[in-house]
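Now for the letters of each chain:
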Amino acid sequence: MLSGAASLDELAQAAPTMPSLDTGAVTLVQAEVLQASFEMAYASREITLPPGLHPTTPPLMVVLAWSMADSPWGSFAMAQTRVSCRSGVRPRGFVTGCVTTTEAAATALSERWGLPARVGRVSLVRRFDAVELSVGDSLALTGLDPDPLGAGDVQYTVTATLAHTPKGLRLVQVEPDYELRRVERVRPRLDRFDAGAWGSPDLTPRHPVTATIAVGDITVPALRFLSRPDVMAFEGTETV
Amino acid sequence: MRFGIFFEMSTPRPFSSETDHLVYHNSLEQARLADELGFDWVWCVEHHFLEEYSHSSAPEVTLAAVAAQTERIRVGHGAVVCVPEMNHPIRVAERAAVLDIISNGRLEFGTARSSTWTELGGFNVDPDDTKKTWDEFVRVLPRMWADGPVAHDGRCFSMPERNVLPKPIQKPHPPMWVTVTSPGTELDAADRGLGCLGVASTTYQEQERRTQEYHRRIRNCDPVSSVVNDQVTTLNFLYCHEDADVAAAGGMRMVGLFGLNNAHLLWTREAYPTRAYQSLGNLAPGGGADRSSPGDPRGIPEGIGVGDPDRLIRVIQRWEDIGVTGINFLLNASETIPQADVLASMRLFASEVMPKFMDKGAASTAAGAPC
């Protein structure tokens, strides 16, 4: 069985600090949600994950973006890169980088849910026959040829993100619930990607798999589980 | 009740030629012993690229060796992935017919469509299409085996009139099965008159529901050929030992390791949203939205064939009461149980457990019941 082999010391340097684990829940309405997945090189498989997580084969990088007209922190957009993995036997997406458009959103996402959010330019634009995501100079992605799917056909993997918590350096499990009203599958094309800007120079999105663009409400609930990033989830999981 | 053994060719890291050699030759030894002990089937899966979980990418070759080294046991091609990017249907028909000839008419023919992105993506298969191609395969293969020259104008492949040769020994063709992981596939099997080859562990309750629905539906089936294979098998683990504690320790280590390897596969639905893969097998991870505690090892399914002979008799009796007509056993995972212990487990099972069920319909189905 494979396990992550990234340096925890290096990952910890980029991890945000959560002053409290008492996050409460928030619902974000009328969000546009883009998710695109790319197979990575096998050489990226273990070195993009901490030792407490297990890679998939082939390794998969997922770009997830939200855009919403309103929220408790005002209008904002967010994009993150994730590596598909397993915590114990459960599917998870390990967040390597996160950019959001406002200081208020960045503070909320990092302090309440442990996402390594920094402020930057994020643009998610829906056109008639395409969707375009751009994040500063570090990422540009186009989704082409929308094809309708059922709301139940797409799934969003639960998030695992590394943060300094009151209990120490932990993988924080964030479990957004998506209530979708419209889903379309699109063909992804990655036009620009700077791995170094997304938390790991070892991210190697090579082979596009698929993407979806959806509209719906997102509820981010209170945190329930943490796990130690240095050991398997079976021995390192704690209840919040 | 009939009993089979089921090969995934699960292989531990670090990978090497020696490790693969060990796994394959241990499996062949198990097949020879199963033949001697009176097991009914030896099944061999088809998987590609699935590190640790299954290195069984050429089952037709493995089964040719099994056929040559055994006398009586039926050889289960379980199952051929019915998508043309992996297996052209003409080649499937030809290989299966040769296996039936080599084995002197002992072939059981399983069909499947693959469920991991690792495999489908590796062959550049569109997951939206696999159910359609599987359906086309199972309808055309019996014609290739039973008829003379065959022409086909289909959605996934077409061919001008040709005589696909050789023809299998069993007439009109070997019994046909469908692997069932997702709920609902048993209905696809029943509607086409195909056997239900369970390849994911299920609970008693879920299997009972599936079995009842299968038997109800198959009575009114529109079969893909002139024979109906009305059988329901389920997949299980086997580790039988006189000492229940020893059995539990070794057997649960195998079950846990198999579950971990299985959970670490990249399932199609996780990577590629599609209507064609609505749900996952029972041993598969609970989907990307599985919010349960990562520290909770997935529960061990009930009805597992791990224990002393008395426990196994009770477990199998329960499966039989549900209406299951056969159980196929995984014997090892990543070689976690030493080969000598696997063979001892098989011998104990055959001497203490199998006789309790031998007098209840042990006759071979051969080519199935007339429609």
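Bear in mind the structure is a predicted one, so any value in this text is a computation, not a measurement. Numbering of residues starts from 1 in every chain and runs along the sequence as written. Lettering for chains starts from A, numbering for ligands starts from 1, and both go in the order in which the items are written. Note on the predicted model: pLDDT of at least 70 is required for a residue's local features to be given, and 80 or more for side-chain atom pairs to be given and counted; whole-chain, interface and lining totals, by contrast, use all residues.

1. Here we look at the environment of Leu34(A)
Residues and elements named next belong to chain A. For helices the rule is a DSSP run of H or I covering at least 4 residues; for strands it is a run of E covering at least 2, with both sets numbered from the N terminus onward. Take leucine 34: it is sitting in strand S1 (residues 26-40). Separated by 42 residues in sequence, leucine 34 and phenylalanine 76 place their C-alpha atoms 14 Å apart. In contact with leucine 34, not counting residues within four places along its chain, are Ala65, Leu124, Val131, Leu133, Gly143, Ala211 and Ile213. Once C-beta atoms are placed from the backbone, any two residues with those atoms within 7 Å are in contact.

2. With respect to the confidence of the model for chain B
Residues and elements named next belong to chain B. Values of pLDDT, which run from 0 to 100, indicate the predictor's confidence residue by residue. Looking at chain B, pLDDT values average 91 and 91% of them are 70 or higher. In the predicted structure, residues 281-286 sits below a pLDDT of 50 and forms 23 contacts with residues beyond four places in sequence or in another chain. In the model, residues 361-371 has pLDDT below 50 throughout and makes 24 contacts with residues more than four positions away in sequence or in other chains. The ipTM, which scores confidence in the relative placement of chains, is 0.94 for this predicted complex, and the corresponding pTM is 0.93.

3. Some words on the interface of chain A and chain B
Counting residues at the interface gives 33 residues for chain A, matched by 29 residues for chain B. Elements with a contribution of two residues or more to the side of chain A that touches chain B: S1, strand S4 (76-87), strand S5 (90-100), strand S13 (205-220), strand S14 (225-227) and helix H3 (233-236) of chain A. For the side of chain A that touches chain B, the element with the highest residue contribution is S13(A), accounting for three residues. Amino acid classes used here: Ala, Val, Leu, Ile, Met, Phe, Trp, Tyr, Cys and Pro are nonpolar; Asp, Glu, Lys and Arg are charged; the rest, including Gly, are polar. Considering only residue class, the side of chain A that touches chain B consists of 13 nonpolar, 14 polar and six charged.

4. Remarks on the packing of helix H1 (residues 17-37) of chain B against helix H11 (residues 339-353) of chain B
All names here are of chain B. Here an axis means a line fitted to C-alpha atoms, over the contact stretch when the element is a helix, while the angle between two N-to-C directions is reported on a 0 to 180 degree scale. Interhelical geometry of H1 versus H11 gives an angle of 15° and a closest axis separation of 10 Å. By the criterion of interaxial angle, the relationship of H1 to H11 is roughly parallel. At the point where H1 passes H11, the crossing takes the right-handed sense. Contacts between H1 and H11 involve Asn26, Gln30, Leu33, Ala34 and Leu37 from the first element and Gln339, Val342, Leu343, Met346, Arg347 and Ala350 from the second. Of the residues assigned to the contact of H1 with H11, the class counts are seven nonpolar, three polar and one charged. Relative orientations are named as follows: roughly parallel for angles under 35 degrees, roughly antiparallel for angles over 145 degrees, roughly perpendicular for angles from 65 to 115 degrees, and oblique for any other angle. In a left-handed crossing the near helix is turned counterclockwise from the far helix by less than a right angle, and in a right-handed crossing that turn is clockwise.

5. Quick word on the packing of helix H3 (residues 89-102) of chain B against helix H5 (residues 130-146) of chain B
Residues and elements named next belong to chain B. Direction vectors running N to C along H3 and H5 enclose 50°, while the axes themselves pass 10 Å from each other. Overall, the two elements H3 and H5 adopt an arrangement that is oblique. Helix-helix and strand crossings are classified by hand; for H3 and H5 the assignment is right-handed. Across from Pro89, Val92, Ala93 and Ala97 in H3, the residues of H5 making contact are Phe137, Val140, Leu141, Met144 and Trp145.

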